[in-house]
Amino acid sequence: MKTTGVTLRELLQIPLLRSASVISGARGLERPVQFIDIMETPDLDGWVREGVLLMTTAYPIRHEPGRLSNMIVALSKGRAAGLAIKPAHFLQGIPEEAIRLSEECGLPLIELPPDIPYTEITQAVMEQVLDRQASMLRRSDEVYRKLTMMVLENIGIQAVNDHVSDLLKAPVAVIDNTGVTIVSSPAGWDYRQADHPLSWNINVDRRSVARLIVDKEKLDAMEEVGVEQARLVLALELMRNKIIEDTESRLRGNFIDELMTPPVPPRQEVEQRGRQLGMNPAQQWEIVVIEGQTAPEEEWMNHLLSIEADKYGVRPHVEFRSNRAILFLPTPPSEQEQVADGEEKEIPWDTIIAGWLNDRQGHLHGYRAGIGRPKWLWDIHHGYSEARSALTISRRLSGGGSLTAFKDVEIYHLLRGSVDERGFGELFDRKLGRLRQYDEEHHSDLLRTLFFYLDSRGSLMDTANHLFIHRNSVKYRLDRIRDITGIDLNDPHQQFIIHMCLIYYYLMEHPED
């Protein structure tokens, strides 16, 4: 712990030094004195200690009084407390240049009475410094004991933060690395509105896990000690909370693994264990699978979920597997969805997830996701299967969009599981075999152009957007398709047959990208 000494202004109030006078640099009288020393040589570069009060008779510079200016500059750079001098015996006066530099640097230049021995000054000053440091150490120990006891008694991080706020007489907040408030005092205080924000990292295992924010223009020595103790104790509290959260998360993860691997435990057991682990069985759950080259960043994913959890008052859960994150998102049951104005209270998870994926500034841009239909807790393995199926269908049919809902591709899922592969294969060859051969020989993309055209109900613009080409290019490709296949794209019956053939091709035969 860094201790802070007595200020020069306070030292000049002790009886022994009341007859001393400040020659210049008075604006630096609040500098703390932590040590006192006597000058033996005017060459001070490299050995000045921060907080030192240097005393001299000026004997070493009696023949070169101009060197006093160099000493003042060296002391200022070394963050010394000040220079106390007895000029009467060896200097005719203080050089004007030294006085000017003292004022400019804010380094106090003090003239000592010639009749006071150095030993008496040293003893008096160090008594004051040591008494102050001892007092601060005692107070620091009291603060640490109080805060530590609050942690040991499991009073909670809010009570600890309230105590720190009361100690500093200022608003205080603890925020995570993404800027979300973990706790604040007074409750609800927005640290972003602070007039004079001071900030310190809170570290656990040599890693910054949070920041302490204090809204105060300046802290005195005792308050700085309080902040240091608060950082340590808040780190202990955050570490304890992290251990509890990790344990609960691991238990929920084990429970979810059981629910995801049939046979599922009996419904009554699922309800009981769900309540114990904070997974309300009275809520339905939507399962989302987010995939990419690597799994989404855990801290960012948890940050996004915590925002929505606070907004809707729910407790989602996330598991990370290989290159994917699996989100378990609670939705209020129908009997709890009615709000005061008669409208339904609904959490639009599909809209929320799509927003994350489409945010070019976010960490999930470029990932793709599938979402299943709402399921009860004992049926979430079906929701997971639906989310995975939605991802697969989306990837095969369109290369993968930002978010695909199973409810939107359910018919394709049914088709995929029930078609006669031989019959559909023969039909595809008759209708579109020549078009596939043309694509293979010319490295073109007419099959996919036809699929997007039919899937978008004949929209040239939507087809162009899917393929990232101009709408005129779509028109040209459609003309080539008509020439090669002879298909009448204005015939609804032919449109239906060709669309089914293309869906079969991409679901059953076309390899995944």
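The sections below set out a description of the structure shown in this document. Here the residue numbers are simple positions, counted from 1 along each chain's written sequence. Where totals are concerned, whole chains, interfaces and linings use all residues; where local detail is concerned, this predicted model gives features only for residues with pLDDT of at least 70, and gives and counts side-chain atom pairs only at 80 or more. Side-chain measures here rest on the full set of heavy atoms in the structure, leaving out hydrogens and waters.

**Focus on the side chain of His499**
Part 1 of the reasoning: Here His499 is to be found in helix H16 (residues 492–509).
Part 2 of the reasoning: Note on contacts: a residue pair qualifies if any of its non-hydrogen atoms lie within 4.5 Å across the two residues. Beyond its immediate sequence surroundings of up to four residues, His499 is in contact with Tyr412, Phe451, Leu454 and Asp455. Helix and strand assignments come from DSSP, with helices taken as H or I runs of at least 4 residues and strands as E runs of at least 2, each series counted from the N terminus.

**Side note on the packing of aromatic side chains**
Part 1 of the reasoning: Each Phe, Tyr or Trp ring (for Trp, its six-membered ring) is paired with any other whose centre lies within 6.5 Å, and the angle between the two planes then decides the class: stacked below 30 degrees, edge-to-face above 60, tilted in between. Scanning the model with the defined rule gives four aromatic pairs in all.
Part 2 of the reasoning: On the numbers, 5.1 Å between centres and 75 degrees between planes, the contact of Tyr59 with Phe90 is edge-to-face. In this pair, Tyr59 sits in the loop between strand S5 (52–56) and helix H2 (67–77) while Phe90 sits in the loop between strand S6 (82–85) and helix H3 (96–105), placing the two residues 31 residues apart along the sequence.
Part 3 of the reasoning: Ring geometry for Trp376 and Trp378: centres 6.0 Å apart, planes at 15 degrees, overall stacked.
Part 4 of the reasoning: On the basis of relative accessibility, which here comes to 28%, the residue Trp376 falls in the partly exposed class.
Part 5 of the reasoning: Trp378 sits in the buried class, given a relative accessible area of 14%.
Part 6 of the reasoning: Only lysine NZ and arginine CZ atoms are considered, and such an atom sits over a ring when it is within 6 Å of the ring centre and within 35 degrees of the ring normal. Here Lys86 stacks its cationic end above the ring of Tyr118, 4.5 Å away from the centre of that ring. Each residue's exposure class comes from its accessible area (1.4 Å probe, protein chains only) as a fraction of the maximum for that residue type: buried when under 20%, exposed when over 50%, partly exposed otherwise.

**Side note on the packing of H2 against H3**
Part 1 of the reasoning: Helix axes are fitted to C-alpha atoms over the stretch in contact, other axes to C-alpha atoms as well, and angles between N-to-C directions run from 0 to 180 degrees. Close contact between H2 and H3 brings their axes to 8 Å; oriented N to C, the two are set at 15 degrees. Here H3 runs roughly parallel to H2, going by the angle between their axes. The way H2 lies across H3 gives a crossing that is right-handed. Between H2 and H3, the contacting residues are Leu68, Ser69, Ile72, Val73 and Ser76 on the first element and Glu97, Ala98, Leu101, Ser102 and Cys105 on the second. Put simply, angles under 35 degrees are roughly parallel, angles over 145 are roughly antiparallel, angles from 65 to 115 are roughly perpendicular, and the rest are oblique. Here is the rule for handedness: rotate from the far helix to the near one, and if that takes an anticlockwise turn smaller than a right angle the crossing is left-handed, while a clockwise turn gives right-handed.

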